[in-house]
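Report on the structure
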Amino acid sequence: MASINNSPWYYEILADGIELGRRLSIEYGFKKGFENDHQIAEGLKRVLYQRFGPLPSSLVGELALLSREQTLGLLSDAMDTDTLAEFRASLPQNEWHPQGAEW
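This is a predicted model, so every value here is computed, not measured. (Residues numbered from 1 in each chain as written. Predicted model: local features only at pLDDT ≥ 70, side-chain atom pairs only at ≥ 80, totals over all residues. Heavy atoms only, no water.)

Describing the overall build of the protein chain
Helix and strand counts for the protein chain come out as five helices and zero strands. Helices and strands in the protein chain line up, N terminus first, as α-α-α-α-α. In the protein chain, buried positions account for 26% of the 103 residues. A fraction of 65% describes how many contacts in the protein chain between residues 6 or more apart in sequence connect residues 24 or more apart. Roughly 7,100 Å² of accessible area belongs to the protein chain as shown, and the carbon and sulfur atoms make up 56% of that amount. (Helix = DSSP H or I, 4+ residues; strand = E, 2+ residues; numbered from the N terminus. Buried < 20%, exposed > 50% of the residue type's maximum accessible area, 1.4 Å probe, protein only. Contact = heavy atoms within 4.5 Å. Areas by Shrake-Rupley, 256 points an atom, 1.4 Å probe, with all protein chains shown as cover.)

Section: the confidence of the model for the protein chain
Confidence in the prediction for the protein chain averages 80 pLDDT; 79% of positions are at 70 or higher. Taking the mean pLDDT of every element in the protein chain, the minimum, 79, falls on helix 1 (residues 8–33) and the maximum, 93, on helix 5 (residues 84–89). With pLDDT under 50 throughout, residues 95–103 is counted as low confidence; its partners more than four residues away or in other chains account for 13 contacts. (pLDDT = per-residue confidence, 0-100.)

Overview of the pattern of salt bridges
When the charged atoms of two side chains with opposite charge come close together, those side chains can pair. Taken as a whole, this structure holds five salt bridges when the rule is applied. For Arg-23, the salt bridge identified is with Asp-80, shortest N-O distance 2.7 Å. Pair noted here: Arg-23 is in helix 1 and Asp-80 is in helix 4 (residues 68–80), with a separation of 57 residues, a long-range link. For Glu-62, the salt bridge is made with Arg-88, and the minimal N-O distance between the two is 2.6 Å. Note that Glu-62 is positioned in helix 3 (residues 57–64) and Arg-88 in helix 5, a separation of 26 residues in sequence. (Salt bridge = Lys/Arg side-chain N within 4 Å of Asp/Glu carboxyl O.)

Some details on the nonpolar core
Grouped together as the largest cluster of nonpolar side chains are 16 residues, with contacts concentrated most on Leu-44, Leu-48, Leu-59, Leu-63, Phe-87 and Leu-91. Looking at this core, the elements that each hand over two or more residues are helix 2 (37–52), helix 3, helix 4 and helix 5. A total of five residues in this core trace back to one element, the largest contributor, which is helix 4. When near neighbours in sequence (up to four residues on either side) are disregarded, Leu-59 contacts Leu-48, Leu-84, Phe-87, Arg-88 and Leu-91. (Core = buried A, V, L, I, M, F, W, Y, C linked by side-chain atoms within 4.5 Å.)

Remarks on helix 3
Buried within helix 3 we find Leu-59, Glu-62 and Leu-63. On an axial view of helix 3, the arc spanned by its buried residues comes to 100°, and they lie on one face. Residues of helix 3 that are exposed and angled more than 90 degrees away from the buried face: Ser-57 and Ala-64. (Arc of directions from axis to C-beta.)

A word on the side chain of Thr-71
Relative to the helices and strands, Thr-71 is located in helix 4. Apart from the residues within four sequence positions on either side, Thr-71 is in contact with Ile-40, Ala-41, Leu-44 and Leu-66.

Below, the structure is given as structure tokens:
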């Protein structure tokens, strides 16, 4: 009888579970570990830098305008998006970041 842990599906499901756990742990850590808005914003910038490299100053400026709740809400987007442009598209719209602005 074949063992389930010899199945390729088993390893795929296991890898998906590990990745989900990693993302949730990071997000939970950010939410619980930071004491003020500045630390939350710095954490978000650190995640973006590690994923996409140096951040354009225009993006840093946009991130500075976000509320604590908005910044926390963007943590998942920062970890899940494939490109920096895709992340920027998830930013809340405001007067500094008008709809359809060119990057």
